[in-house]
Amino acid sequence: MRASVICCPPGAEAVRLQLPVALRREEVYRYMGCPQDDPTAAALLDVCEPELLAAVQPRGTWRVLFRQDAPEGLYLDPGDVGRHLVGCDRVVLMAVTLGAGVERLLRRYTAADVALASAADAAGSVLAEQAADELERILREQFAQQGLYMTGRYSPGYGDWPIQVQRELCRILDTGRSIGLGVSENSLMAPRKSITAVLGVADHPVTGKLAGCGNCVLRDTCAYRKRGKTCADR
Amino acid sequence: MQIGDIFKGERYIFLDGGMGTMLQAAGLPVGERPELLAVNRPELLTSIHRAYIDAGSDIVYANTFGASAKKLAGSGYTVEQLVPAALECARKAAAPAGALVALDIGPLGELLEPAGTLRFEEACEQFKRIVCAGRDHADLIVLETMTDLYEVKAALLAAKENSSLPVMVSMTFEENGRSFTGCSVESFAATAVGLGADAVGINCSLGPAEIFPMAKALCEATRPGVPVFVKPNAGLPRADGSGYDITPQSFCEQMQPYKALGIRMLGGCCGTTPEFIRSLKESFDGERPAERAGSRRSWLCTPVRAVAVEDVTVVGERINPTGKKRFQQALREGDMDYILTQAVEQMNAGAQILDVNVGLPGVDEPALMEAAVKAIQSVVDLPLQLDSSDPEALERGLRAYNGKPIVNSVNGEQKVLDAILPLCRKYGAAVVGLTLDENGIPKKAEERVAVARRIRQAALDAGIPNEDIYIDCLTLTASAQQEDVMETLKALQTCKQEMGVHTVLGVSNISFGLPCRPYLNTAFLTMAMMHGLDLPIINPNLEEMMAAVAAFRVLTNRDKQSTDYIARYAGRTAAAPTAALQGPELGTAVEQGLKAEAAAAARELLKSKEPLEVVNGVLIPALDKVGAGFEKGTLFLPQLLQAASAAQSAFEVVKEAIARTGQGGASRGRIVVATVKGDIHDIGKNIVKVILENYGYDVTDLGRDVAPEAVVDAVKRTGAPLVGLSALMTTTLPSMQATIEALHREGLPCKVMVGGAVLTPDYAKQIGADYYAKDAKASADIAKEVFGA
């Protein structure tokens, strides 16, 4: 089923995404660095999950561009992101946000209790991923109907794709207008629980290529890497 | 037509339709900045404006929607080049037909604080540039498609402070009646009209049918005399992305019900074309717009919460340092977290408005008022009552406030009225008038009413509507002036009945100097409500006071079917004195992360032990045990944080005890922490702060997005030997480096520790940090090294 359509600038599309039925807790535990179903973490999530789900208003927007029309400011060609998009003649730029309600709730938790705040922060990140997955599902379905194939998501800051492209990406999508997502001079998104990404589209099956750890800014300190895993492992 | 005519309401005023739609139809290349057309293809813009004027538009919006410095960055053009050029394109089309030209201002394209990092004053400056660039070329200013009430305020202030042009303001709402940032229609109306908007409206997002219920709410919430307008889209976007789904005829049909609402101006937004305006003109022209009843209610609001004061509305009194040592200490240290705790606690207890008083000898009250307003508004959505006698503090608070607040207070002294009423008018605030003057508090009710009359007249003369005038007839203490208690209530009743103003009383003062104060307080509160009290200023954490209000509302048939009362009290038993339950020991409570129990245990322990003994002998060993478990991997971050949080609540009890005795603290030393400029991710910094406080350090938390100079100032002010800086993103690491350089440049002897996801020990060394803290526990170890164990 299609999510409901919202007004956005010409060329882009925007939708209200369906509310996630439940939080993917197994991922939250992973983000919090504790064992699955850790009782303390579970108790914190019991408090914040219902409030987060009540506050979340996920919205997404996207725009399909031919590779040659993609503005230079996106730096799509060189490096890791270019490898991810090999063989794709089109790209989809996408952005999702959980909305200002979650942002407000997180600020309130921060003032009230640091344990709850950090659990809610992790939960918010997972909910943002869930919203991004939902939009990706919609897009994949749409392209499949046209006989097209799509890579996975690739976000600014992965590998050597600079986080600074965030601003350009959101400008092209006009995310402020369509979904209420802003980017600061330092490329920080507000509301914080938001995700932007590019996906490649082709007329033949493509899988894309995630960057791996080689160019990742976190490679020296990453907790997953120390455990012999990567952040892409689910 | 003359600009003055458009607000008279003698006939419908027709606005224009979509600009983007027309540009797209003319083949504007994808991704190109439409603002550049003013210099690249001026004739295209003029022809679009002309098409709208030919169709019947009285006012056309110039193509300046996105012409802010932020959005134009990298375009090669400035605001000062593009804004006049675009206005002249519109003028060329408008002049021959006698139509009017609006300077069209949209959002800046960057989110304001507290969600984003754009400062309110910086937003005002950005809007000022646009206003100054366009004011000599436009007939009026339009602020449109706004989604953030704070941005509306910045733009309205900029427009009013830098031009004499009328200003129309419209926001964009979603189907749930809220903007993206959660602003309600009522909050928009109260705030924008208060700030002097000459017309308020709704544009974009939805079609006429979907906008109708919101337009109705806007018409009902807006004071009569202020025109309301709408510019809906051409229905909803089609699911296949091929445009909008209704025709000019069905658009016009869907607009018919708006006639009954009393709207006076109409046009279209996305997807609408000159055809839409033409059919509106054919259908609406020649009719006189209906009169609109509008609202005479006193709204107090923040963006997400609008309170119409029509019933007893509780004002929480706890954010006030008078007689509270711990609060005074927090103010002197600029400790906003303490104030925030008080705010959240009162909100949870059911307060509907919070009084904010940060006045204390020896503090910078204006700066504190601004900081407190911003901090409280970032976490609590209750309207605020700004409580000060210092006009500068009030102005700083009023300017920073997002929504419509109430000012506490003026009195009958002319110089006070002259200083404060114009501020209330300018910033659209309601005002409390105390019935006293240079001669003190009159004894008799009639004399107090006379002062109230004078205050009311002065407020009306200043342009403050009657419904926004609140009179405080002043509670005197029953122990000292028993015979005057009823005079207060008599005066209150007369003011309300005779002048139709709202009433306020600080209630608890009644019992000063007498035992068992709650008995007197609740009785007096009930009596005052019976005499017509609207805003009792009370401690909402005292259940008997809240219960008196809840019960009063049931017994006076205001709380229909006792709904609110039942919601509050179902399943609870009335408070009765009970023997103290035996809770866990402090150490156990901390280890198990039990917050309330830890505070209670600390209180108990302080009866027999010195504060320092509690800290060093019990709290820290318990935390060490949890910390050791965390390092060994038997405990995880959630347990560590729960324990830290419980210890923090115990620490707060210890600090109160120390503040009461006035003795030196249990402090092991002072540490300044901050999330660096440009970064708003503060979870890590907050965890570090709590852990450091747990270990007995005094932490000055400068918050997030903190400029290097602010860190330097704090280190100078506090003499802290250790500074902790955090940054989450690669893009904000340079500001971490800049902060360290600034500290070094000033030759401050402090050590710097840094942390954050993208930092490495090498990078920390490279930017001149003394320590790299891999996690919160490490930061406590570093502190131990710096300060000595």
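Keep in mind that what you see is a predicted model, and the values were worked out from it rather than measured.

Undergrad: Mind showing me how you'd approach the overall build of chain A here?
TA: Helices and strands together make up the secondary structure of chain A, namely eight helices and eight strands. Whereas a compact globule of 234 residues would reach a radius of gyration of roughly 17 Å, chain A reaches 18 Å, a difference of no more than 12%. Oriented by its inertia axes, the alpha-carbon framework of chain A measures out at about 50 × 40 × 35 Å. By residue count, 55% of the 234 residues in chain A fall in the buried class. A sequence separation of at least 24 residues applies to 77% of the contacts in chain A between residues at least 6 apart.

Undergrad: What is the right way to look at the overall build of chain B in this model?
TA: Counting secondary structure elements, chain B contains 31 helices and 23 strands. Its C-alpha atoms give chain B a radius of gyration of 30 Å, within 12% of the compact-globule value 28 Å for 789 residues. Dimensions of chain B, computed from C-alpha atoms along their principal axes, come out at roughly 85 × 75 × 50 Å. Among the 789 residues that make up chain B, the fraction classed as buried is 57%. Long-range pairs, those at least 24 residues apart, make up 76% of the contacts in chain B between residues at least 6 apart in sequence.

Undergrad: What is the right way to read the environment of Val83 of chain B from this model?
TA: Residue and element names in this part refer to chain B. On the secondary structure map, Val83 appears in helix α5 (residues 79-97). In this structure Val83 comes out as buried when scored by C-beta crowding, with 31 C-beta atoms within 10 Å. Sequence separation between Val83 and Gln249 is 166 residues; the distance between their C-alpha atoms is 34 Å.

Undergrad: Any chance you could explain unusual backbone geometry here in plain terms?
TA: Backbone phi values are negative for most residues with the exception of glycine, while trans is the configuration of most peptide bonds. All names here are of chain B. Each neighbour pair has its own omega, and for Glu113 with Pro114 the value is 0°, a cis peptide bond. Looking at where Pro114 falls in the secondary structure, it is placed in the loop between β3 (100-105) and α6 (120-134). The step from Asn408 to Ser409 runs through a cis peptide bond, and the omega angle for that step is 20°. A positive phi angle, close to 65°, is found at Asn557, a residue other than glycine. In this structure, Asn557 sits in the loop between α21 (543-555) and α22 (563-569).

Undergrad: Where do I start with the interface of chain B and chain A in this structure?
TA: A common way to express how large an interface is: the accessible area buried when the components associate. On the chain A side, the residues contacting the 54 residues of chain B number 51 residues. Mapped by element, the contributors of at least two residues to the side of chain B that touches chain A are α1 (20-25), α14 (336-349), α15 (365-379), α26 (637-661) and α27 (683-694) of chain B. If one sorts the elements of the side of chain B that touches chain A by residue count, α26 of chain B sits on top with seven residues.

Undergrad: I keep staring at the sheet that holds strand β11 (residues 315-319) of chain B and nothing clicks. Help me out?
TA: The strands that make up a sheet are held in pairs by hydrogen bonds between backbone atoms, and each pair lies either parallel or antiparallel. Residues and elements named next belong to chain B. Taken in spatial order, the eight strands close into a barrel running β11-β12-β13-β14-β15-β16-β17-β18, and their pairing is parallel. For this sheet the average axis-to-axis angle between neighbouring strands, irrespective of direction, equals 30°. Relative to strand β12 (residues 353-356), β11 is paired through three bridges, and the arrangement is parallel. Looking at β12, one finds that Gly316 is bridged to Leu354. With respect to the sheet, α14 is in contact with β11 and β12, its orientation differing from that of β11 by roughly 155°.

Undergrad: I tried to follow the pairing of strand β18 (residues 535-538) of chain B on my own but got confused; where do I start?
TA: The two faces of the sheet receive side chains in turn, since in a regular strand these alternate between them. All names here are of chain B. Every second residue of β18 is oriented toward a common face, with Leu535 and Ile537 on one face and Pro536 and Ile538 on the other, all of them buried. As defined by bridge partners, β11 adjoins β18 across two bridges and the pair is classed as parallel. Note that in β18 the partner of Gly316 across the bridge is Ile538. Inspection of the sheet shows strand β17 (residues 502-506) paired to β18 by three bridges, in the parallel sense. Opposite Gly506, over in β18, you have Ile537 as the bridge partner. Handedness of the crossover joining β17 and β18 through helix α20 (residues 517-530) is recorded here as right-handed.

Undergrad: What should I look at first to understand the nonpolar core in this one?
TA: Nonpolar side chains in soluble globular proteins tend to be buried together. Within the largest apolar cluster, 351 residues are counted, with the highest numbers of intra-cluster contacts made by Ala102, Ile141, Leu266, Val431 and Ala650 of chain B. Ranked by residue count, the leading element in this core is helix α5 (residues 114-145) of chain A, at 16 residues.

Undergrad: For this particular structure, what's the right way to read the sheet that holds strand β21 (residues 722-726) of chain B?
TA: All names here are of chain B. Pairing is parallel in the open sheet, where five strands are placed in the order β20-β19-β21-β22-β23. The open sheet has two edge strands, β20 (698-701) and β23 (771-772), and neither has a second partner. Relative to β20, strand β19 (residues 670-675) is paired through four bridges, and the arrangement is parallel. Each residue of the ladder has a partner; that of Val672, found in β20, is Thr700.

Undergrad: Help me understand α6 of chain B in this model?
TA: Each α-helix turn comprises 3.6 residues. Residues three or four places apart therefore point the same way. All names here are of chain B. Its 15 residues give α6 an end-to-end C-alpha distance of 21 Å, which sits within 8% of 21 Å, the value for a rise of 1.5 Å per residue. By the burial criterion, the buried members of α6 are Phe120, Ala123, Gln126, Phe127, Ile130, Val131, Ala133 and Gly134. Packing partners of the buried residues in α6 comprise α4 (69-72), α5, β3, β4 (140-146), α7 (149-162) and α16 (391-400).

Undergrad: What am I meant to see in the environment of Lys415 of chain B here?
TA: All names here are of chain B. Inspection of the secondary structure assignment puts Lys415 in helix α17 (residues 414-427). Lys415 sits in the exposed class, given 8 other C-beta atoms within 10 Å. Placed 34 residues apart in sequence, Lys415 and Val449 show a C-alpha to C-alpha distance of 20 Å.

Undergrad: It is not clear to me how the environment of Asp381 of chain B should be interpreted in this structure. Could you clarify?
TA: All names here are of chain B. As for its position among the elements, Asp381 is in the loop between α15 and β13 (384-387). Owing to 19 C-beta atoms within 10 Å, Asp381 belongs among the partly exposed residues under this scheme. Here the alpha-carbon distance between Asp381 and Arg305, two residues 76 residues apart in the chain, equals 6.2 Å. When sequence neighbours within four positions are dropped, the list of residues in contact with Asp381 reads Thr302, Val304 and Arg305.

Undergrad: Even after reading the chapter, I still don't get the packing of α20 of chain B against α21 of chain B, so can you show me in this structure?
TA: Each pair of packed helices can be described by the angle between their axes along with the distance between the axes. Residues and elements named next belong to chain B. Put simply, α20 and α21 touch, their axes get as near as 9 Å, and they point 25° apart. Put simply, α20 runs roughly parallel to α21. α21 is crossed by α20, and the crossing has right-handed handedness. Residues Pro518, Asn521, Thr522, Leu525, Thr526 and Met529 of α20 touch α21, and the partners they reach there are Glu544, Met545, Ala548 and Phe552. Grouping the amino acids of the contact of α20 with α21 by side-chain chemistry returns six nonpolar, three polar and one charged.

Undergrad: I would appreciate a short explanation of the pairing of strand β8 (residues 194-202) of chain A in the present structure.
TA: Residues and elements named next belong to chain A. Across the nine residues that make up β8, a large majority, eight, are buried. Relative to β8, strand β4 (residues 90-97) runs antiparallel, the two being bridged by eight bridges. Across the sheet, the residue bridging to Met94 is Ala197, located in β8. Bridge count for strand β5 (residues 149-150) against β8 is two bridges, and the pairing is antiparallel.

Undergrad: How should helix α24 (residues 595-605) of chain B be read in this particular structure?
TA: Every buried residue of α24 of chain B is accounted for by Glu597, Ala598, Ala599, Ala600, Ala601, Ala602 and Leu605 of chain B. Of the surrounding elements, those touching the buried residues of α24 of chain B are α23 (586-591), α25 (611-632) and α26 of chain B.

Undergrad: Sorry, what's going on with the confidence of the model for chain B here?
TA: If pLDDT is low for a region, its predicted coordinates should not be looked at in detail. Averaged over all residues, the pLDDT of chain B equals 93, while 98% of them reach at least 70. Here the prediction assigns the complex a pTM of 0.92, and the interface score ipTM is 0.89.

Undergrad: Explain the packing of helix α28 (residues 708-718) of chain B against helix α29 (residues 733-745) of chain B to me, please; I cannot follow it from the model alone.
TA: All names here are of chain B. Contact geometry for α28 and α29: axes closest at 9 Å, N-to-C directions at 40°. By the angle between their directions, the pair α28 and α29 is classed as oblique. As for how α28 packs across α29, the hand of that crossing is right-handed. Together, Pro708, Glu709, Val711, Val712 and Val715 of α28 and Ala738, Thr739, Ala742 and Leu743 of α29 make up the contact between the two elements. Considered class by class, the residues forming the contact of α28 with α29 number seven nonpolar, one polar and one charged.

So, how was this worked out
- Residues numbered from 1 in each chain as written.
- Chains lettered and ligands numbered in written order.
- Predicted model: local features only at pLDDT ≥ 70, side-chain atom pairs only at ≥ 80, totals over all residues.
- Helix = DSSP H or I, 4+ residues; strand = E, 2+ residues; numbered from the N terminus.
- Rg over C-alpha atoms; globule rule 2.2 N^0.38 Å.
- Buried ≥ 20, exposed ≤ 12 C-beta atoms within 10 Å, placed from the backbone.
- Contact = placed C-beta atoms within 7 Å.
- Pairing = 2+ DSSP bridges.
- Axes fitted to C-alpha atoms, helices over the stretch in contact; angles between N-to-C directions.
- Right-handed = clockwise from strand over helix to strand, strands pointing away.
- Core = buried A, V, L, I, M, F, W, Y, C linked by C-beta atoms within 7 Å.
- Expected span 1.5 Å × (residues − 1).
- Parallel < 35°, antiparallel > 145°, perpendicular 65-115°, else oblique.
- Left-handed = near helix turned anticlockwise from the far one by under 90°.
- Nonpolar A, V, L, I, M, F, W, Y, C, P; charged D, E, K, R; others polar.
- pLDDT = per-residue confidence, 0-100.

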